[in-house]
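Secondary and tertiary structure notes
What follows is the residue order along each chain.
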Amino acid sequence: MGIYLPIAEMSVNILVLLAMGGAVGFLSGMFGVGGGFLITPLLIFYNIPPAIAVATGANQVIASSFSGALAHIKRGTLDFKLGTVLLLGGVAGSTLGILVFSWLRSLGQLDLIISLTYVVFLGTVGGLMLVESVNAIRRSRGGAPPALKKAGHHNWIHRMPLKMRFRASKLFVSVIPVLGLGAGIGLLSSIMGVGGGFIMVPALIYLLKVPTNVVVGTSLFQIIFVAAYTTIVHATTNQTVDIVLAFILMIGGVAGAQYGAKVGQRLKGEQLRALLGLLVLAVAVRLAFDLFLPPPNVYSLVPGL
Amino acid sequence: MTVLRRTLLSIAAMAWLAAGAMAQSANPEGIQIGLSTDVIRITTDFAGEDLTIFGSLENPDVLTARQSRYDVVVVLEGPARPVTVRRKDRILGIWINTLQEGFVGVPESYSIATTRMPQDITDPNSYRQLALGIDYLHVQPVDRERPETLAEFTAALRERKRASGLYSERIGGVQFLSTSLFRATLSLAPNVPIGTHKARAFLFKNGLFVKETSAQLAIVKSGFEQTLYRLSTDHGFFFGICAVVLAIVTGWLGRIIFKRD
């Protein structure tokens, strides 16, 4: 069943897009990642021009993140205060990122830098998560009590000034690392064209020691705003948001997100982390293949001169 | 893919046909094509189509026609736009875009239909002179300083366009319905470019080029698609806000409809 996309100026199969949106939405609801790092490469793979894939991906991420966040609000697993502080940092970082983006473009080889950033970040984050969570699972299988947060055992982050209490996350921590984390992720987001959930989730878990169940909702909350910001910036400057394409992806995405949130609820924290680690690592390996394996065709056409 | 058959029947050509039949003179042969519409509107369900163009020969020689010595080639050429061809090479184990070559005046799409195998119609030299066919159509390099890579990049340009379906070829796509009336079927790709296309018909007799004719065809987006497109280009910020609101509403409705807890 074909449908014509008015901005991308091409005809695509609506069922393929619904399935794509559904699968990404499912993972999004389950892991609290927006899914931008999945949907954008998938759209490019489906011959959608990269500029449109990035902007439209951001638009669809809003819908599935909002839908997922509503489910978390109901369960009380969304820390609004923590999310807002992260967001403040995020807006600053995104703005800086847009400047860095145009600077990198003027140097040429922007595509290569984006690919390398993806591989390095996804590979590192995915690998670390997988190792940690598999160890945690083996510990709990071995009959040892799950490693609880030890009172008084804090890392350097917890020794910083300007402490703030985040009730829903059972956290008492300085705002400096929270703002810094938000800014760093905002910076990467605007360069890579993603919401940054795949970095946010592990960073909240491992650096700030936020409980895994609260991390998912809070991350989704923050992603809604980052993705909305990205969408509006792209629509204004590049006119690359294809609203028809985004809407089809959204329909699949919101349905998938609800099922995903349900499945995620049944899994243990370490299982969830292991699966997300595996997924992130898989995307990194896939992108690394593109960099290192001979491409099926060495020639490519780009409109314009 | 639902392939609709769009018929562009030439009323003018039909009328001419009647006139031509009456006046069987020794005038030289000519060729006519006509389009019943000069605009194709692309609607939401567009998934690529077949385009049919009718045409006729002027003053055909009956004997030559009976021996099937007339050949017709019909081309639909999309708007010309600049394009850059890039080549990837392996540097330190990583595949990186290295060389590139810019071309101007490259038709974005090129669909060709012929009565027979191209090599049976005329020789490569004629094709080259007429700039007719995917392998012979004229592309203008921006920079002629590297002649050794120019041929390589020109070939790559044609090959990539073919692979994307924007350049297509239909052997036997032109059929004679009578001595003088013919029908050409061309493919419009799902990603056919918006803009003014040029339909051209070439007549060959005994392997020699006789005459050419052309007609214009505009491919435009239909009302809804055009409105969205115009909104996105003229009011980008407002369009972005709408896209965000749509996403929020869809997310909220999705939560209500698909609620699982």
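Residues numbered from 1 in each chain as written. Chains lettered and ligands numbered in written order. Predicted model: local features only at pLDDT ≥ 70, side-chain atom pairs only at ≥ 80, totals over all residues. Heavy atoms only, no water.

1. Comments concerning the interface of chain B and chain A
The parts lose accessible area when they come together, and the size of an interface is often stated as this lost area. At the interface, 60 residues of chain B touch 53 residues of chain A. When the two sides are added together, the surface that chain B and chain A hide from each other amounts to roughly 4,900 Å², 69% of it contributed by carbon and sulfur. Between the two partners, chain B and chain A, sit 1 salt bridge. Residues Lys 221 of chain B and Glu 9 of chain A are paired through a salt bridge, measuring 2.9 Å at the closest nitrogen-oxygen approach. Seen at the junction of chain B and chain A, the total is 13 residue pairs in polar contact (both at pLDDT 80 or more). Going through the elements one at a time, β6 (80-91), β7 (94-107), α5 (147-163), α6 (223-234) and α7 (236-258) of chain B are the ones with two or more residues in the side of chain B that touches chain A. For the side of chain B that touches chain A, the element with the most residues is α7 of chain B, which contributes 17 residues. For the side of chain B that touches chain A, the residue count by class is 31 nonpolar, 14 polar and 15 charged. With 5 bridges joining them, strand β5 (residues 299-303) of chain A and β6 of chain B adopt antiparallel strand pairing. Counterpart to Pro 303 of chain A in the pairing with β6 of chain B is Val 83 of chain B. (Contact = heavy atoms within 4.5 Å. Buried area = accessible area lost by both parts, 1.4 Å probe. Salt bridge = Lys/Arg side-chain N within 4 Å of Asp/Glu carboxyl O. Polar contact = N/O pair within 3.5 Å; in protein donor to acceptor, adjacent residues only side chain to side chain. Helix = DSSP H or I, 4+ residues; strand = E, 2+ residues; numbered from the N terminus. Nonpolar A, V, L, I, M, F, W, Y, C, P; charged D, E, K, R; others polar. Pairing = 2+ DSSP bridges.)

2. Overview of the domain arrangement of chain B
Residues and elements named next belong to chain B. Parsing chain B into structural domains produces domain 1 (5-221) and domain 2 (223-261). Between the C-alpha centres of domain 1 and domain 2 the distance comes to 39 Å. Taken together, the contact between domain 1 and domain 2 spans 4 residues of the former and 5 residues of the latter. Of the roughly 360 Å² buried at the junction of domain 1 and domain 2 (both faces included), carbon and sulfur atoms supply 46%. Viewed at the interface, domain 2 and domain 1 are joined by 1 residue pair in polar contact (both at pLDDT 80 or more). Here the residues of the side of domain 1 that touches domain 2 sort into 1 nonpolar, 2 polar and 1 charged. (Domains from an automatic or database assignment.)

3. A closer look at the side chain of Arg 273 of chain A
Note that Arg 273 of chain A resides in helix α10 (residues 269-292). The residues touching Arg 273 of chain A, leaving out its near neighbours within four places in the chain, are Met 129, Glu 132, Ser 133, Ala 136, Ile 205, Tyr 206 and Thr 212 of chain A.

4. A closer look at the sheet that holds β6 of chain B
Read across the sheet, 4 strands follow the order β5(A)-β6(B)-β7(B)-β9(B) without closing on themselves; strand pairing throughout is antiparallel. Because the sheet does not close on itself, it has two edges, and the strands there are β5 of chain A together with β9 (140-141) of chain B. The pairing of β7 of chain B with β9 of chain B spans 2 bridges and is antiparallel. Each residue of the ladder has a partner; that of Val 104 of chain B, found in β9 of chain B, is Gln 140 of chain B. Across the face of the sheet, α5 of chain B comes into contact with β5 of chain A together with β6, β7 and β9 of chain B while running at roughly 80° to β7 of chain B. (Axes fitted to C-alpha atoms, helices over the stretch in contact; angles between N-to-C directions.)

5. A word on unusual backbone geometry
Its identity as a non-glycine residue notwithstanding, Asn 47 of chain A has a phi of 70°, on the positive side. Secondary-structure assignment places Asn 47 of chain A in the loop between α2 (36-45) and α3 (50-75). Residues other than glycine seldom take positive phi values, yet Asn 206 of chain B does so here, at roughly 50°. Checked against the element boundaries, Asn 206 of chain B lands in the loop between β13 (195-205) and β14 (208-221). Given the relative accessible area of 43%, Asn 206 of chain B is considered partly exposed. (Buried < 20%, exposed > 50% of the residue type's maximum accessible area, 1.4 Å probe, protein only.)

6. Details of the environment of Ile 62 of chain A
Turning to its location among the elements, Ile 62 of chain A is positioned in helix α3. The exposure class of Ile 62 of chain A is buried, given its relative accessible area of 0%. Placed 191 residues apart in sequence, Ile 62 of chain A and Gly 253 of chain A show a C-alpha to C-alpha distance of 9.9 Å. Excluding anything up to four places from it in sequence, Ile 62 of chain A contacts Ile 224, Ala 227, Ala 228 and Thr 231 of chain A together with Val 244, Ala 247 and Ile 248 of chain B.

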